[in-house]
Amino acid sequence: MAYAELHCISNYSFLRGASRPEELVRRAQELGYSALAITDECSLAGVVRAHEQAKNTGLKLIVGTELYLDGGPHLVLLATNRRGYVQLCRLITRGRRKVAKGRYELHREDLQGGMPDCLALFIPPRDQMPDKDQLQWFQRLFPDRGWLAANLLRDGLDGPHLQRLQAAAKKHGLPLVATGRVCMHLPARRPLRDLLSAIRHHCTLAQLGSRALFNGERHLRAQNDLQALYPASLLQQTVEITRRCRFSLDELSYEYPDDVTPQDMQPQAYLRQLVEKGKKERWPEGCPHRVQAQIEHELQLIDELDYAAYFLTVWDIVAFARKEKILCQGRGSAANSAVCYCLGITEVDPARMNLLFERFISRERGEPPDIDVDFEHERREEVIQYIYRKYGRERAALAATVITYRPKSALRDTGKALGLSLQQIEQLVQAASGWRSRGEVQGEWLREAGFDPDNPRMRQLLWLSNELLGFPRHLSQHVGGFVISRGGLDELVPVENAAMSGRTIIQWDKDDLEALGLLKVDVLALGMLSAIRRALAVLNMRLQDIPPEDPQVYAMLCKADTVGVFQVESRAQMSMLPRLRPENFYDLVVEVAIMRPGPIQGDMVHPYLRRRQGLELVDYPSDDVKAVLERTLGVPIFQEQVIKLTMVAAGFTPGEADQIRRSMAAWKRRGGMDVWERKLMAGMRERGYSGEYARRIFRQIQGFGDYGFPESHAASFALLVYVSAWIKCHYPVVFAMAVLNSQPMGFYAPAQLVRDAREHGVEVLPAEVNASDWDCTLEGRALRLGLRLVKGLSEQAARRLVLARQVGAFESVQQLAARAGLNRGDLKALAAADALHSLEQNRHLANWSVAAVESPLPLLKQTCVKEVQPGLPSPGVAEEVLADYAHLGLSLRRHPLSLLRKTLGELRFIPAEEVNRRQAGLMVRTAGLVLMRQRPGKGNAVFITLEDETGVLNLIIWRHLAEQQRRIVLSARLLGVWAEIQRADGVQHLIVRRLYDYTHLLGELQVHSRDFH
């Protein structure tokens, strides 16, 4: 007899379901079920994953939801058709929008419309008769569409329970139907289900009591077992319900919003009008013929696929930003498009590039394009609120991001559930920090944290923690992916409140949207755009005014003089620049893309560098391949090149070529490349390519399974690399000011940015109440530090201070407090940062004067006790430096290690400048403050950057040593090393053999590193 499971929650019923949607669908298909309903609690968050898996397996999927009504019954609702699906979405939205994120609230009244296109199951309690009043309400609301659900288990109580249900069903005229009330695909997940319950109820497993599963039968069961347990009529009812549920997510049809097009025009005509206008502005002397042909090709395809409204929607958002003088830049696939360039969405000139439009829009793929636009990170919220104002909460919301368990969070929650103390849990979490923050939890970590991994409790901890990895914890908001619809968004997907005020999110993430072909516009934040806009405002320039191909800029980049420069300030990029030696814009495009996991894993980096340096011949097996790979010396570095290569060398269509790109992303996770390997090898053999060359190309394609960078994306970023480098090269004081005022962003703290500026000849003046604004400012050719660097001083207080200073300089601390309305905390912060230097001779006297300021009384003005100036001694240099770092994060006096140089010398540690003079291959002892720690991807080494008063050193710590001395690697702030000097192509590294922690020498000095970002 056939059976369909109609009540099944996945792990998207957060901390309740113990199986992934895909696992449930696969298991149902293995068991021969006729259908499976995914009915997560007041949610459709997991249904897209189930839908994709069901299409692969051929199982029928029913879309539904489970609801606990306040003061009412427990229900399951199932959509029978598209209208029923809309009714589900709107009901879930109503319940979620009433209350704060993560909760919902629904009453009987919310269902008074009857949900006419949904079927309903009444889920009764197991240990008592169903409520008479609730059953009568249910029968009236769902006539001929309601069932009483029977959930039978092997617990010895099924007989009486079934009899109660049969009596209630007969009395109220409701048919009975079998359900499993499933929360896991296999009984082996029962311990994990109990762990999730303990986490949800904030208790230990020992305290869970009746809230734990009282048996393990709430899994997908074999049909033989179900037939032995349920009357045949109850099983048959599941099939009858399945026949009535005909809805599929494939029926969802998305309509682009069309609010931008004038009423008397069609979207395509208006798009062409805007493109023609933009074309004249971009090329006032005439558009190049190649670009004109590209524009016509794009417009024709946009018209054919009916995408004009999408482009207009993005254009409107960008036009708003430009009107408000918010700097923005389109990137990603949009940079492939000449239309996007004419619309001002991207600044990547198609005349300078040779990009593949099919990477952006494909006739064969039949899916919407995807445009990412970066905005100034400090002003992106203005753009977000503009979208909400224009389209309303009913038509616009952010995509979701699923927050999942990683080693640290899994250990923390599992440890709490097992009753470990907070101190023990923190020991475990520390053992999983750093480069261990991804991947499985290892038994050796427990031993390192002081636990016996062979202890039964610790074995349980280890197993449960690893079972928990990757499980969704809750929904969060995407960084900026907006979904905008022509009609109500809740007709497509449920909408709920985000944690942040003024935001709403849908219940699907970007992968779900891509699977269903729904429009997403990424409204992203980029700190460098804030910095560039600030710099251009001072220079009275526009982005397009930056002169291209400046030799001085490329000379600076070749020296890796890139602290603060966008994308090329990481230590990996700094190591690559002297080797690659960029000479033009396209070299920057390669530079941006080459230091990514895809090219690295595909063994493309070293062949490219050898060929660029003339150490290896460039080979092209055919003119077709040469046309694709000539600009990258025969090595495929970009995704677009891989797509083109499969087309010219193996005969793939554009759509098939893009499908192999998609397979790259999933290859490592679940395979799927075999079919493409066979097709690629066969296609290349037919066209005369050798088997060895075909295998090499396929290995490189596999490398992109980890991550390959699109050329279009790299081109967008390369433009910002060049612009930020040009500003730094020619106006270092303006660059320093702009980057400091845009913090937090980038790799470096203000201390390193200020040091770099001074090394470039910039005079830096201290923060001072009679000279500084909130932001850092220019005083002639000098940089004046802003009050934003003063820790503990609010922006509002600082702006009141600057406003009060307009009538004249402050002459005393008392006058400052009275005129600017500063409280004792503000004054203390200024005194501690030595920002009162023009009013008092030193910090000690400033603190004394602040202590004398009295709070204003209700009827009197702020007063100061008149006292004799005390003879306090001036602070020493070491004390000043300590205070500077504590209250400003940097010091203009001396580097902290200059004060420790004698001690470090006695320990036989030499300074960085001395290391730089030693010969390669020598062993040296050196020490410095830790600026940053990195471990790219699945790399075999940890990289650390040290700084002392004479310079910066880059360390390579191989994995075995990093594991041996892990505590020092992760926690040392003043790190000493014994290391071998290694130099190649003008790049120096220290290969570390031993590490030493001398943090205790820093005393109270507070320095912070940037770790594993």
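Here the structure is a predicted model, which means the values were calculated and not measured.

> Explain the pairing of strand E19 (residues 941-948) to me, and be specific about the residues and the numbers.
With respect to burial, E19 is a largely interior element, 8 of its 8 residues being buried. The two faces of E19 match: Ala941, Phe943, Thr945 and Glu947 on one face and Val942, Ile944, Leu946 and Asp948 on the other face are all buried. Relative to E19, strand E18 (residues 923-934) is paired through 5 bridges, and the arrangement is antiparallel. Looking across to E19, one finds that Arg933 is bridged to Ile944. Where E19 meets strand E20 (residues 951-958), 8 bridges bridge the pair, whose relative direction is antiparallel. For Phe943, the partnering residue across the bridge sits in E20 and is Ile956. The turn linking E19 back onto E20 is made up of 2 residues.

> Which residues make up the packing of helix H14 (residues 407-417) against helix H17 (residues 456-468), and what are the values?
H17 packs onto H14 with a crossing angle of 130° between their chain directions and a minimal axis gap of 9 Å. Taken together, the axes of H14 and H17 are oblique relative to one another. As H14 runs across H17, the sense of the crossing is right-handed. Of the residues in H17, those in contact with Ala410, Leu411, Thr414 and Gly415 of H14 are Leu461, Leu464, Ser465 and Leu468. Class assignment for the residues of the contact of H14 with H17 results in 5 nonpolar, 3 polar and no charged.

> Describe the sheet that holds strand E16 (residues 777-779), listing the residues and the values that go with them.
Strand pairing in a sheet is mediated by backbone hydrogen bonds. Such pairs are either parallel or antiparallel. Sheet architecture is open: 3 strands sit in the order E15-E17-E16, paired in mixed fashion. The sheet is open, and its two edges are formed by strand E15 (763-765) and E16, each paired on a single side. Mean inter-strand twist for the sheet, computed between neighbouring axes without regard to direction, equals 35°. The pairing of E15 with strand E17 (residues 782-784) spans 3 bridges and is parallel. Opposite Leu765, over in E17, you have Arg784 as the bridge partner.

> Quick rundown of the nonpolar core? Include the residues and the values.
One finds Tyr85, Leu271, Phe311, Ile387 and Trp508 to be the most contacted residues of the largest nonpolar core, which totals 129 residues. Per-element accounting of this core gives the leading share, 11 residues, to helix H11 (residues 308-323). Ranked by size, the runner-up nonpolar core spans 104 residues in total, among them Val592, Val739, Leu753 and Val754.

Conventions and cut-offs
- Residues numbered from 1 in each chain as written.
- Predicted model: local features only at pLDDT ≥ 70, side-chain atom pairs only at ≥ 80, totals over all residues.
- Heavy atoms only, no water.
- Buried < 20%, exposed > 50% of the residue type's maximum accessible area, 1.4 Å probe, protein only.
- Helix = DSSP H or I, 4+ residues; strand = E, 2+ residues; numbered from the N terminus.
- Pairing = 2+ DSSP bridges.
- Axes fitted to C-alpha atoms, helices over the stretch in contact; angles between N-to-C directions.
- Parallel < 35°, antiparallel > 145°, perpendicular 65-115°, else oblique.
- Left-handed = near helix turned anticlockwise from the far one by under 90°.
- Contact = heavy atoms within 4.5 Å.
- Nonpolar A, V, L, I, M, F, W, Y, C, P; charged D, E, K, R; others polar.
- Core = buried A, V, L, I, M, F, W, Y, C linked by side-chain atoms within 4.5 Å.

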